[in-house]
Amino acid sequence: MTEKTILRALKGETLPTPPIWMMRQAGRYLPEYRATRAQAGDFLKLCYNPELAAEVTLQPIRRYGFDAAILFADILLLPQALGADLWFVTGEGPRLSTITDMAGVQALRPTADIHETLSPIYETVKILAQELPPQTTLIGFAGAPWTVATYMIAGRGTPDQAPAHKLKDTDRAAFAALIDRITDGTIEYLDAQIRAGAEVIKLFDSWAGSLKAQDFHDFALLPTKRIIAELKSRHPGIPIIAFPREAGDGYIGFAKATGADCVALDNSVTPEWGAANVQVDGCVQGNLASRHMVTGGQALVDETRQIVKAFSGGPHIFNLGHGITPDADPDNVSRMIDAVRGR
Ligand code: 1CP
């Protein structure tokens, strides 16, 4: 069998048609997802139910034939496994118990204990490794340490990550200790996902854009580099996609500096800029604005074709610049895929 298209792109091959998947491809815009979530009871029960989590992972593969499936889970399960309380408020989002000082960091559970909480996630990966079509790549993931820390410190999503910046700037030792604990946990969590059958790993640093200069280097770049080095030493050749969202100039050289095989671009940069500044170093992923999945029309087709064209000179995996939103029209996803595949 020829190698899966996503894996070929991640090795640096320029393909005539870019492989495609979509951030949050299993999610609330799909009626079949909403039905399975209702069956599970709530979002966290869905994450920890291997059969149902595998089912929602497979739904967008059945409906659209994406080239990759992403494990259905959440970046906030690791904080929970490290001892944080976690719950989801319907219509609002996640809530966690907060960490505000070194005592809070020291009260976290030992890294080796995370598997007690996370073992159902590895079961989901095992089911998917069995059930996915042979051409579909299975992506495992975690949040990057800075992004996970912003939720563990604030106890919720924040527009400017102010509580995390405050801890970083007023109690650097506690903040750095927290980043280290998350980094250690992330390595073990992803190692277990790979052993269960994940073929690619993606690190989501959704809030990387709020770190500047030295902070970006210390808390976005270095922890990512440590995770990648450790995973690659345990699993030689495992491909890794880094997503330092809204990093701006921080995107330049990020793959080389961290050892990532691919850098995912958000839509604050143009594909032409991405091709000239990031794709020169290897594979890129991205970067259609998710609003086109809501608004559709000719703009969706034109923008999709422009992105495919801009990245056609090198390795590229087509994706959105961020996750698809619950108000998206499932038919617009089909239109995007048709435009990518030249239909
Ligand atoms: O109500 C619901 O059904 C929950 C909505 C939802 C979903 C579908 C959440 C809550 N998480 C998820 C799944 C999820 N989250 C996946 C599964 C795979 C897929 O892509 O289909 C992945 C990869 C994530 C990653 C994730 N969770 C990130 C990083 C990517 C990003 O979007 O920036 C972040 C920041 C989270 C936290 C989170 N989980 C859920 C929400 C609403 C949020 C954001 C909260 C906030 O910042 O306010």
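Predicted model, so just to flag it, every value in this text is computed and none were measured.

1. Let's talk about the pairing of strand β6 (residues 240-244)
Line of reasoning, step 1. Judged by how many residues are buried, β6 sits mostly within the fold: 5 of 5 residues are covered.
Line of reasoning, step 2. Alternating positions in β6 separate into two faces, Ile240, Ala242 and Pro244 on one and Ile241 and Phe243 on the other, with burial throughout.
Line of reasoning, step 3. Here strand β5 (residues 200-205) runs beside β6; their pairing, made up of 5 bridges, is parallel. Of the residues in β6, the one forming a bridge with isoleucine 201 is isoleucine 240.
Line of reasoning, step 4. Each parallel crossover has a hand, and the one from β5 via helix α11 (residues 213-234) to β6 is right-handed.
Line of reasoning, step 5. Here β6 pairs with strand β7 (residues 262-264) via 2 bridges, running parallel. Bridging across to β7, isoleucine 241 finds its partner in cysteine 262.

2. Here's the deal with the UniProt feature "binding site: substrate" (unreviewed entry) in the protein
Line of reasoning, step 1. UniProt records the feature "binding site: substrate" (unreviewed entry) at Arg24, Gln25, Ala26, Gly27, Arg28, Asp74, Tyr151, Ser206 and His322, using the numbering of this structure. For this annotated set, covering 299 residues, the C-alpha atoms extend up to 22.6 Å from each other, a dispersed arrangement in space.
Line of reasoning, step 2. With respect to the element layout, glycine 27 can be found in the loop between α1 (5-10) and α2 (31-40).
Line of reasoning, step 3. Apart from residues lying up to four places away in sequence, glycine 27 is in contact with Tyr33, Ile324 and Pro326.
Line of reasoning, step 4. C-beta crowding within 10 Å serves as the criterion here: with 15 such atoms nearby, arginine 28 is assigned to the partly exposed category.
Line of reasoning, step 5. When near neighbours in sequence (up to four residues on either side) are disregarded, arginine 28 contacts Tyr33, Arg34 and Pro326.

3. With respect to the packing of helix α4 (residues 50-64) against helix α7 (residues 114-131)
Line of reasoning, step 1. Following both chains from N to C, one finds α4 and α7 inclined at 50°, their axes separated by 8 Å at the closest point. In terms of orientation, α4 lies oblique with respect to α7. Note that α4 runs across α7; the crossing there is right-handed. Here Pro50, Glu51, Ala53, Ala54, Thr57 and Leu58 of α4 come into contact with α7, specifically with Pro120, Glu123, Thr124, Ile127, Leu128 and Glu131.

What counts, and where the lines are drawn
- Residues numbered from 1 in each chain as written.
- Predicted model: local features only at pLDDT ≥ 70, side-chain atom pairs only at ≥ 80, totals over all residues.
- Buried ≥ 20, exposed ≤ 12 C-beta atoms within 10 Å, placed from the backbone.
- Helix = DSSP H or I, 4+ residues; strand = E, 2+ residues; numbered from the N terminus.
- Pairing = 2+ DSSP bridges.
- Right-handed = clockwise from strand over helix to strand, strands pointing away.
- UniProt positions renumbered as here; feature names shortened; annotations may be inferred.
- Contact = placed C-beta atoms within 7 Å.
- Axes fitted to C-alpha atoms, helices over the stretch in contact; angles between N-to-C directions.
- Parallel < 35°, antiparallel > 145°, perpendicular 65-115°, else oblique.
- Left-handed = near helix turned anticlockwise from the far one by under 90°.

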